[in-house]
Amino acid sequence: MKVLITGGAGFIGSRLAELLHSHGDEITVLDNLSTGRKENLAGLEGKTGFRFVLGNVADRSTVEPLVAQAEHVYHLAAPVGVKRIMDHPVLTILDNVRGADVMTETAHKYGAKMLVASTSEVYGRSLDLLDPTGTRKLAEEDYRIEGSTQNHRWAYANTKALDEFLALAYYKEFGFQTVIVRFFNTVGPRQLSDYGMVIPNFVRRALRKEPIEIYGTGEQKRSFLHVNDAIRAVVALMNEPAAVGQVFNLGNPEEITINELARKVMAVAGSDVPPVYKDYQSAYGKGFEDMNRRTADITKIRAAIGFEITYSIEEIIADVVEYERSVVYANV
Ligand SMILES: NC(=O)c1ccc[n+]([C@@H]2O[C@H](COP(=O)([O-])OP(=O)(O)OC[C@H]3O[C@@H](n4cnc5c(N)ncnc54)[C@H](O)[C@@H]3O)[C@@H](O)[C@H]2O)c1
């Protein structure tokens with residue numbers, strides 16, 4: 001299979017590239033290296049059946065010849081991380097929207113099947129507002145409740161929702177072969193700590209014996225899926241004919257509070273430095289909103305591909321600690 005992975009030098013994309021290459025697929029990675037790194041692809045560099053192309057998904061002249069040669073396209077390229085999104089509001093909108101336009105149009109034109117990486121951000125704050133008692137999980141058909149256009153966080157959510165709408169519109173109008181995956185928090189080695197990603201952030205601070213910084217009360221709940229579980233599911237969805245034209249949640253329904261997460265990270269990393277608490281405003285600017293819970297209902301993906309979670313939160317933390325230890329100590 002000839003495969004194009006946009007954003008393939010990133011955290012999820014580079015692991016996906018390795019997995020598909022190990023299956024014998026021919027892989028092209030297109031990435032502008034904004035948050036991705038060539039080092040992530042070091043294991044593939046120079047191997048037969050792998051090539052890297054530096055470029056932007058919004059640039060039609062770069063994209064078109066690559067899509068023309070591909071049978072499967074995994075469209076993962078996007079500005080990522082709450083912090084980066086808040087710091088680069090224009091780029092977030094334009095790269096997502098223009099990238100979606102170019103990728104969807106060319107994939108349709110050349111008959112490639114495309115999997116679109118969407119995000120749990122598209123649900124906005126619907127769990128907080130529809131289910132304040134906190135037992136419900138987010139299902140694919142649920143209403144999406146987002147805030148004011150003055151709060152840029154929701155621009156990211158809306159551009160990703162637009163990516164979904166566009167792919168589904170091509171499916172409905174032209175029979176475009178597409179699958180949409182809403183990633184919830186996906187974690188593991190190689191994820192950058194720089195853009196507001198909670199686990200690598202906590203792990204780095206704990207390894208350096210610095211206080212972990214918790215935003216808000218720490219009683220907000222999150223859930224985490226290991227990247228190895230995520231990429232297996234993504235490949236299975238791409239290869240499942242019944243998944244075409246469908247939207248799937250991909251996440252771990254088991255929740256943990258941020259306070260509990262901090263305790264677990266400190267225990268594994270061997271830190272006894274107490275956490276410090278910061279308000280969201282000082283971290284992300286005035287008017288920033290966060291959600292108390294954001295948990296996936298995974299009934300649909302289980303039924304479609306028999307999705308199973310194989311990593312516990314303890315195993316995820318241990319894996320990230322092991323990786324970050326090599327990075328942190330390499331830099332000391
Ligand atoms: N990791 C998560 O928890 C999570 C959660 C929700 C959604 N997602 C989605 O999954 C996808 C992959 O995310 P990730 O966690 O691997 O992040 P990442 O930042 O490691 O990967 C994104 C990659 O896209 C590249 N990129 C960004 N803009 C580009 C552009 N205009 N043209 C070409 N390349 C570009 C970056 O350099 C990077 O390599 C993204 O679409 C993201 O929205 C991830």
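Here's what I pulled together on the structure shown here. In this text, all values refer to a predicted model and were calculated from it rather than measured experimentally.

### A few points about the site of the ligand
Around the ligand sit 29 residues in total, of which Gly7, Gly10, Ile12, Thr35 and Gly36 are the nearest. Those elements that place two or more of their residues in the shell around the ligand are α1 (11-22), β2 (26-31), α4 (89-109) and β5 (113-119). Looking at side-chain class alone, the shell around the ligand contains 14 nonpolar, 13 polar and two charged residues.

### Some points on the nonpolar core
Ranked by size, the top nonpolar core spans 92 residues in total, and within it Val181, Val234, Leu237 and Val265 carry the most contacts. Ranked by residues supplied to this core, first place goes to helix α8 (residues 227-238) with eight residues. When neighbours within four sequence positions are excluded, Val181 is seen to be in contact with Leu115, Ala117, Ser118, Val234, Leu237, Phe248 and Leu250.

### What about the sheet that holds strand β4 (residues 72-75)?
Spatially, β3-β2-β1-β4-β5-β6-β11 is the arrangement adopted by the seven strands of the open sheet, whose pairing is parallel. If you trace the sheet from one side to the other, it starts and ends with β3 (50-54) and β11 (246-250), each paired once. The mean angle between the axes of side-by-side strands here comes to 20°, regardless of whether they run parallel or antiparallel. Relative to strand β6 (residues 178-183), β5 runs parallel, the two being bridged by six bridges. Looking across to β6, one finds that Met114 is bridged to Thr178. Contacts from α1 reach β1 (2-6), β2, β3 and β4, with the element oriented near 165° to β2.

### Here's the deal with α1
For the α-helix, the turn length of 3.6 residues means that residues three or four positions removed from each other point alike. The end-to-end C-alpha separation of α1 is 17 Å, in line with the 16 Å expected for 12 residues at 1.5 Å each. Buried within α1 are the following residues: Phe11, Ile12, Gly13, Ser14, Arg15, Leu16, Ala17 and Leu20. Looking at the buried positions of α1, the neighbouring elements they touch are β1, β2, β4, β7 (186-187) and α8.

### Some words on unusual backbone geometry
With the exception of glycine, most residues fall at negative phi, and the peptide bonds are largely trans. A positive phi is found at Leu33, a non-glycine position, where the angle reads about 60°. Position of Leu33 among the secondary structure elements: in the loop between β2 and β3. With a phi close to 60°, Lys209 is a non-glycine residue in the positive phi region. Among the structural elements, Lys209 can be located in the loop between α7 (198-207) and β8 (213-215).

### Side note on α8
With 12 residues, α8 extends 16 Å from end C-alpha to end C-alpha; this agrees with the ideal 16 Å at 1.5 Å per step. The buried fraction of α8 amounts to nine of the 12 residues, a majority that puts the element mostly inside the structure.

### Overview of the pairing of β2
Two faces belong to every sheet, and in a regular strand the side chains alternate between them. Summarising burial for β2: five of the six residues are buried, a large majority. In terms of strand pairing, β1 meets β2 through five bridges, oriented parallel. Bridge assignment links Val3 to a residue of β2, and that residue is Ile27. The sheet contact formed by β2 and β3 spans five bridges and is parallel. The residue of β3 that forms the bridge with Val29 is Phe52.

Parameters at a glance
- Residues numbered from 1 in each chain as written.
- Predicted model: local features only at pLDDT ≥ 70, side-chain atom pairs only at ≥ 80, totals over all residues.
- Near = placed C-beta within 6 Å.
- Helix = DSSP H or I, 4+ residues; strand = E, 2+ residues; numbered from the N terminus.
- Nonpolar A, V, L, I, M, F, W, Y, C, P; charged D, E, K, R; others polar.
- Core = buried A, V, L, I, M, F, W, Y, C linked by C-beta atoms within 7 Å.
- Buried ≥ 20, exposed ≤ 12 C-beta atoms within 10 Å, placed from the backbone.
- Contact = placed C-beta atoms within 7 Å.
- Pairing = 2+ DSSP bridges.
- Axes fitted to C-alpha atoms, helices over the stretch in contact; angles between N-to-C directions.
- Expected span 1.5 Å × (residues − 1).

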